[in-house]
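Okay, here's what each chain looks like letter by letter:
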Amino acid sequence: MSIAQNIQTIKEKLPEGVTLCAVSKFHPIEALQEAYDAGQRVFGESREQELCQKYEALPKDIEWHFIGHLQTNKVKYIAPFVNVIQSVDSERLLDEINKQAVKNNRVIDVLLQVHVAQEETKSGFDAFDLEQLLTKTNVSERWPNVRLTGMMTMASFTHDEQQIMREFRSLILCYNTLIGGPLKEQGITKEQFKTLSFGMSDDYHIAVQCGSNMVRIGSSIFGARTY
Ligand SMILES: *Cc1c(COP(=O)(O)O)cnc(C)c1O
């Protein structure tokens, strides 16, 4: 199957209103161009250097999402052009994204990544800590050049679908808590804070059932990655 066919097949399975973020990490420019030619415009990358190279080489109407672990000292490289940073998992990172957004005279959209998996290795805010942070912080004062547009998570790497479902549901719970609590208090509405990014190649069918409106799919589009 070609990349174009894979995208077509996935899109047919996605309910209306669910955005496909094509995760192109570790795949060459040509593969992304093929997806682009098939109409794909939202791409996810997980390493800043790779993202910068691909940004330079590819058409400028692509929407670039950063989805990997981001070190604060690397924010400056992607801040001039990145559309969404999905993997924001600390207060320090928010401070740095804001600082670099100011320098570039931009507002950068971010998703708050929450840790729901059993594996300790996965990153993300603890749901309770995040609620505390957003309760004690005046978001528009502290991060005026950051726009909180939703949340992101990754489920455990398991075949236990019930467990994956529980983990996705805990993200929805966290979302509801924030949007009905600290975010509401600060005037951040569901119209702004609307993206729920969860679901990958192996679990996106579960994710959309649980209310995801953005799936991040790599291997089912581009094939296996060679690291
Ligand atoms: C690699 C990656 C994906 C895509 O994974 P696939 O299993 O290839 O679909 C999605 N989200 C994040 C955060 C990733 O790092």
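Here the residue index of a chain counts from 1 through its sequence in written order. Per-residue local features are limited, in this predicted model, to residues with pLDDT of at least 70; the limit for side-chain atom pairs, both in listing and counting, is 80 or more; totals at the level of whole chains, interfaces and linings are taken over all residues. Heavy atoms throughout the structure, all of them, feed into the side-chain values; hydrogens and water do not.

(A) Geometry of the overall build of the protein. By definition, any uninterrupted DSSP run of H or I lasting at least four residues is a helix, any uninterrupted run of E lasting at least two residues is a strand, and each is numbered from the N terminus. Secondary structure summary: the protein contains 11 helices and eight strands in total. Its C-alpha atoms give the protein a radius of gyration of 17 Å, within 12% of the compact-globule value 17 Å for 227 residues. With the principal axes as the frame, the protein shows a C-alpha extent of 50 × 45 × 30 Å. Only protein chains enter the accessibility calculation, which uses a 1.4 Å probe; a residue whose area is less than 20% of its type maximum is buried, one above 50% is exposed, and one in between is partly exposed. Of all 227 residues assigned to the protein, the portion counted as buried reaches 51%. By the convention used here, residues are in contact when the closest approach between their heavy atoms is within 4.5 Å. In the protein, the share of contacts with a sequence separation of at least 24, taken over all contacts with a separation of at least 6, comes to 60%. Our radius of gyration looks at C-alpha atoms and nothing else; its globule reference is 2.2 Å times the residue count to the power 0.38.

(B) Examining the site of the ligand more closely. Throughout, near means a residue has at least one heavy atom within 4 Å of the molecule or strand. Taken together, Val23, Lys25, Ile67, Met152, Met154, Met200, Ser201, Arg216, Ile217, Gly218, Ser219 and Arg225 make up all the residues around the ligand. Between the ligand and the protein, one listed contact pairs an oxygen atom with a side-chain N or O atom of Lys25 at 2.6 Å. Here a polar contact means two N or O atoms within 3.5 Å. Within protein one must be a hydrogen donor candidate and the other an acceptor candidate, and residues neighboring in sequence count only if both atoms are side-chain atoms. A distance of 2.8 Å is found between an oxygen atom of the ligand and a backbone nitrogen or oxygen belonging to Ser219. Shrake-Rupley sampling with a 1.4 Å probe provides the accessible areas, and residues are treated as covered by the protein chains on show and by no other component. With the chains in place, 91% of the 390 Å² that the ligand exposes on its own is no longer accessible.

(C) Here's a closer look at the side chain of Gln163. Tracing the backbone through its elements, the reader meets Gln163 in helix α8 (residues 161–180). When neighbours within four sequence positions are excluded, Gln163 is seen to be in contact with Gln118, Ser156 and Thr158.

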